[in-house]
Amino acid sequence: MPMEPLPDLSALSLAEIARLAEERKLPPVDRWNPTHCGDSEMRIARDGTWFHQGSPIGRQAMVRLFSTILRREEDGGYVLVTPAEKLDIAVEDAPFVAVELKVEGEGPAMRLAFRLNTGDLVSAGVDHPLRFEERAEGPRPYLRVRGGLEALVARPVYYELAALALADDAVPPGVWSNGAFFPLEPGA
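In this report, the structure presented in the accompanying data block is examined. Computed from a prediction, not measured in an experiment: that's the story for all the values here.

### Here we look at the side chain of E150
Mapped onto the fold, E150 is located in strand β12 (residues 149-153). For E150, the side chain forms a polar contact with the side chain of R131, separated by 2.7 Å. Residue contacts for E150: discarding those within four places in its chain leaves A94, P95, F96, R131, Y142, L143, R144 and V145.

Below, the structure written as structure tokens:
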């Protein structure tokens with residue numbers, strides 16, 4: 001079955017993006033508890049590239065499929081889970097990368113939607129908060145996707161967020177989305 005092409009984010013309204021995100025039915029991985037079966041020999045690199053046995057997975061459809069059965073465990077580890085098996089997967093930073101941003105409105109009425117490297121669409125808000133960590137290499141912004149899984153916000157998208165925050169003159173600097181305020185400074 002061919003993979004549907006990804007919609008053009010710039011041509012969609014945030015209402016359409018929210019509808020598409022709601023319509024996407026994901027497997028109930030939180031309810032599957034098979035016996036642990038071992039290691040998947042898979043890794044998700046810091047840049048969002050998926051690898052199997054050291055080689056990049058070239059088929060985006062496979063990456064999208066695997067991303068739907070990814071789960072974060074209580075101990076912080078990651079697994080690929082089906083009703084029959086559970087396999088460890090190494091994740092260098094976050095399992096997803098937010099690669100594109102769509103903005104509507106301004107100030108407290110602003111709404112932000114992100115496209116992930118897997119094609120998923122996520123609207124930031126109370127259920128999908130943004131958080132910012134300060135690291136030696138600079139700030140690291142993250143977006144909660146689902147069930148303890150996060151997306152690292154790609155550097156160009158972070159710069160868009162920073163520009164929005166600085167244009168608003170809020171103290172501390174931050175961005176609004178769906179009625180929630182997210183300060184860009186960790187711990188602010």
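### Remarks on the sheet that holds strand β10 (residues 130-135)
The 6 strands lie next to each other as β9-β8-β7-β12-β11-β10, forming an open sheet whose pairing is mixed. Single-partner strands in this sheet number two, and they are β9 (121-123) and β10. For this sheet the average axis-to-axis angle between neighbouring strands, irrespective of direction, equals 40 degrees. Sheet topology places strand β7 (residues 96-104) next to strand β8 (residues 111-116); 6 bridges connect them, and they run antiparallel. When the bridges of β8 are listed, A98 appears paired with L116. Against the sheet, helix α3 (residues 155-168) contacts β7, β8, β10, β11 (138-146) and β12, and its axis sits at roughly 35 degrees relative to β7.

### Looking at the layout of surface pockets
Estimated volume of the second largest pocket: approximately 190 Å³. What lines the second largest pocket is simply L26, P27, P28, V29, D30, T68, L70, R71, R72, R146, G147 and L149. At 3 residues, the largest contribution of residues to the lining of the second largest pocket is made by strand β4 (residues 70-72). Each residue belonging to the lining of the second largest pocket can be placed in one class, and the counts come to 6 nonpolar, 2 polar and 4 charged.

Calculation criteria
- Residues numbered from 1 in each chain as written.
- Predicted model: local features only at pLDDT ≥ 70, side-chain atom pairs only at ≥ 80, totals over all residues.
- Heavy atoms only, no water.
- Helix = DSSP H or I, 4+ residues; strand = E, 2+ residues; numbered from the N terminus.
- Polar contact = N/O pair within 3.5 Å; in protein donor to acceptor, adjacent residues only side chain to side chain.
- Contact = heavy atoms within 4.5 Å.
- Pairing = 2+ DSSP bridges.
- Axes fitted to C-alpha atoms, helices over the stretch in contact; angles between N-to-C directions.
- 1 Å grid on protein atoms, 1.4 Å probe; cavity = no way out; pocket = protein on both sides within 12 Å on 5 of 7 lines; lining within 4 Å.
- Points joined across faces, edges and corners; volume = space filled by probe spheres on them.
- Nonpolar A, V, L, I, M, F, W, Y, C, P; charged D, E, K, R; others polar.

That's the geometry; what it means functionally is another story.
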